[in-house]
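# Examination of the molecular architecture
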Amino acid sequence: MASSSSSFLHFFPTKTSLQTREDRENFPFQYKKHHYSFPSQNKINQAKLYSSGLQLQCSPLEHSLTTSTMCNLTVESPLMDKEEAPLKIAIVGFGNFGQFIAQGLKRQGHQVMATSRSDYTDYCKLNGFHFFRSMDAMCEEKPDIFLICSSILSTENIVRTIPFHKLKPDTIFVDVLSVKQFPKNLFLEVLPPEFGIVCAHPMFGPESGKEGWAGLPFVYDRVRVFSDSPQDLNCQRFLNIFENEGCRMVEMSCEEHDRHAAGSQFITHTIGRILSQLNLESTPINTKGYETLLKLTENTVSDSFDLYYGLFMYNVNATEQIDNLDRAFETVKQKLFGRLHDILRKQIVERVPLPVEVNAENRRKKNSISAPSFLPNAEEMHIRDIASFAVPGEVIPNSKAQAPGIR
Ligand code: NAP
C-alpha cells in the first residue's frame, strides 16, 4: 500500500473541490496529469483504485517524467479485478448523429437508451438499444450519463423539459453539439448545481467516421465535475470510451473550441453549401482537387440545414468568418479583374486601338471594327462595365471623356 510520507504527493487532491477547468489548471500539475495524460490502461487501473478508496502516490519528479512507468501501480485492491458495471447512457435526440454515436458506446460495452421526437423503437430493437417514447420514462431509469444529441436549434427547449428531479443527483450531462459556448452556458443556467457538466464535440460524423474513429479528434471541456467522487470516476469512464476507440482526445475550453471551429468547420460547411449551389457534376477529366470538392459537397449536404444554421447562429465567431470569406472572394476577383484594368490602361495610354462605343456610323460598320483578340468585342464589353473591375483606390479615367476614339 502506498505510504503517506510528506515527500510524496497524492494523485487525487482529496477533500479539495477542483470542480472547474480553471480550478484544475491552477492546481499543481498532478491532477491534470492524472486525468488527461495517462495511457488509458493506467487510467482504468487508477479509476479502480479510486473507486476502492485507495490513493496512489507519486513524487513531483516522477510526475514530470513518464507517470506510467515511474508511479507505483502495484497496489493491491479488492476491487481491482471486479468487473465494472456498464455505464447507463441516456441519449436525447436519436437522429443521424445520435444513432451513430450510440454504436460506439455499445461497442465499448455500455448500456444505451434513447428518446427522441420521432419514434425509433424498431431501429433500437434491431440494434440492441432501449427506446423510450417519453422523456419521463427514460429519466426513471436513472442513467449515469445524459447525452444530448439533439439539433443545436432544438436543444434549449428539450433541456428545459427534462424532469431533473427524477435523475440521480450525480448525473453527468454531456452534449455533443457542434458549438460549445451555448450548451455550456445553458447547462450552467438550468441544471441543478450537483449535476456534472461535460461539453464535448466529436469532430467527426456518420460520413467521416464510418470507417472507425481512430485518430479523429474528440474535443471536450470538463466544465463541472466534482473531484474525488463517483461522478469523477464516471466522467473518466465516459471519456475512456472515445480514447479506447482511438480518438485523439483534445481538452479545450468551449470558447477556444468555438473560435477554432468558426475558422475551420464553419468555413468548410459554408464552402460546401456554396458549391452545392453550383450543381457540380463529375466529368470524364476530374482532377484530384475537383474530386475533393465533389466529396466536400456531398459530405456537407448530407448534414441537415438545421445543423449548418446552428453553426452560424450559435457561434459568436461565425459572422466574422462570413465577412472574411466575402472579403477574400472580392480580393481574388480584384486580382483577376485588376489585370484586365492594366490591359485597358495600356490601350488608353499607349493608344492601342480600343473597341469604341458604336455610333450610328460605327453601328453600321460594327462588323468591320475588330477588338484585339484578347478582349471581347465592343458589344460584350462596354467601357463602363470595365470600370467596375477597378482595384479600389485607383481612379479609372472617365472612359467616355478620355478614352481615345470614344468621342
Ligand atoms: P441535426 O439536424 O442537427 O439534429 C437532429 C436531431 O435533433 C434529431 O435527433 C431530431 O430528432 C432532433 N430534433 C430536431 N428538431 C427537433 C425539435 N424541434 N424537437 C425535438 N427534437 C428535434 O442532425 P444530427 O446530425 O443528428 O446532429 C445532432 C447533434 O449532433 C447536433 O447538435 C450536431 O451539432 C451534433 N453533431 C453532429 C455531427 C454530424 O456529423 N452530423 C458531428 C458532431 C456533432 P428526431 O430524429 O426525433 O426528429
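Attention here is on the structure that accompanies the text. (Residues numbered from 1 in each chain as written. Predicted model: local features only at pLDDT ≥ 70, side-chain atom pairs only at ≥ 80, totals over all residues. Heavy atoms only, no water.)

### Notes on the site of the ligand
Taken together, 26 residues lie near the ligand, and Ser116, Ser118, Tyr120, Ser178 and Ser304 sit nearest. Backbone polar atom of glycine 95 to an oxygen atom of the ligand: 2.9 Å apart, as the coordinates give it. Coverage of the ligand by the protein chains reaches 85% of its 860 Å² of free accessible surface. Secondary structure elements with two or more residues in the shell around the ligand: helix H6 (96-107), helix H9 (152-160) and strand S8 (196-202). It is H9 that contributes the most residues to the shell around the ligand, 3 residues altogether. Taken together, the residues that form the shell around the ligand break down as 12 nonpolar, 12 polar and 2 charged. (Near = heavy atom within 4 Å. Polar contact = N/O pair within 3.5 Å; in protein donor to acceptor, adjacent residues only side chain to side chain. Areas by Shrake-Rupley, 256 points an atom, 1.4 Å probe, with all protein chains shown as cover. Helix = DSSP H or I, 4+ residues; strand = E, 2+ residues; numbered from the N terminus. Nonpolar A, V, L, I, M, F, W, Y, C, P; charged D, E, K, R; others polar.)

### Topic: the pairing of strand S6 (residues 145-148)
Burial along S6 is two-sided: Ile145 and Leu147 and Phe146 and Ile148, pointing in opposite directions, are all buried. As defined by bridge partners, strand S3 (residues 88-92) adjoins S6 across 4 bridges and the pair is classed as parallel. Bridging from a neighbouring strand, alanine 90 pairs with phenylalanine 146 of S6. (Buried < 20%, exposed > 50% of the residue type's maximum accessible area, 1.4 Å probe, protein only. Pairing = 2+ DSSP bridges.)

### Considering the packing of aromatic side chains
Evaluation of the coordinates by the stated rule reveals 22 aromatic pairs. Judged by centre distance (4.8 Å) and plane angle (15°), the ring pair of phenylalanine 146 and phenylalanine 173 falls under stacked. With phenylalanine 146 in strand S6 and phenylalanine 173 in strand S7 (residues 172-175), the pair connects residues that are 27 residues apart, well separated along the chain. Accessibility assignment for this pair places phenylalanine 146 and phenylalanine 173 in one class, buried. Between phenylalanine 164 and phenylalanine 195 the ring centres are 6.1 Å apart and the planes differ by 85°, which places this aromatic pair in the edge-to-face class. Of the two residues, phenylalanine 164 sits in the loop between H9 and S7 while phenylalanine 195 sits in the loop between helix H10 (181-190) and S8, which places them 31 residues apart along the sequence. (Phe/Tyr/Trp six-rings, centres within 6.5 Å; stacked < 30°, edge-to-face > 60°.)

### What to know about the pairing of strand S10 (residues 248-251)
Residues in a regular strand point their side chains to alternate faces of the sheet. Examined bridge by bridge, strand S9 (residues 217-224) and S10 share 4 bridges and lie parallel to one another. Each residue of the ladder has a partner; that of tyrosine 220, found in S10, is glutamate 251. Between S9 and its parallel partner S10, the chain crosses via helix H11 (residues 230-244), and the hand of that crossover is right-handed. (Right-handed = clockwise from strand over helix to strand, strands pointing away.)

### Let's talk about helix H14 (residues 305-313)
All of the buried residues along H14 are Tyr308, Gly310 and Leu311. Buried residues of H14, seen end-on, are gathered within an arc of 155° and therefore sit on one face of the element. Residues of H14 that are buried make contact with H9, helix H12 (254-277) and helix H15 (318-349). (Arc of directions from axis to C-beta. Contact = heavy atoms within 4.5 Å.)

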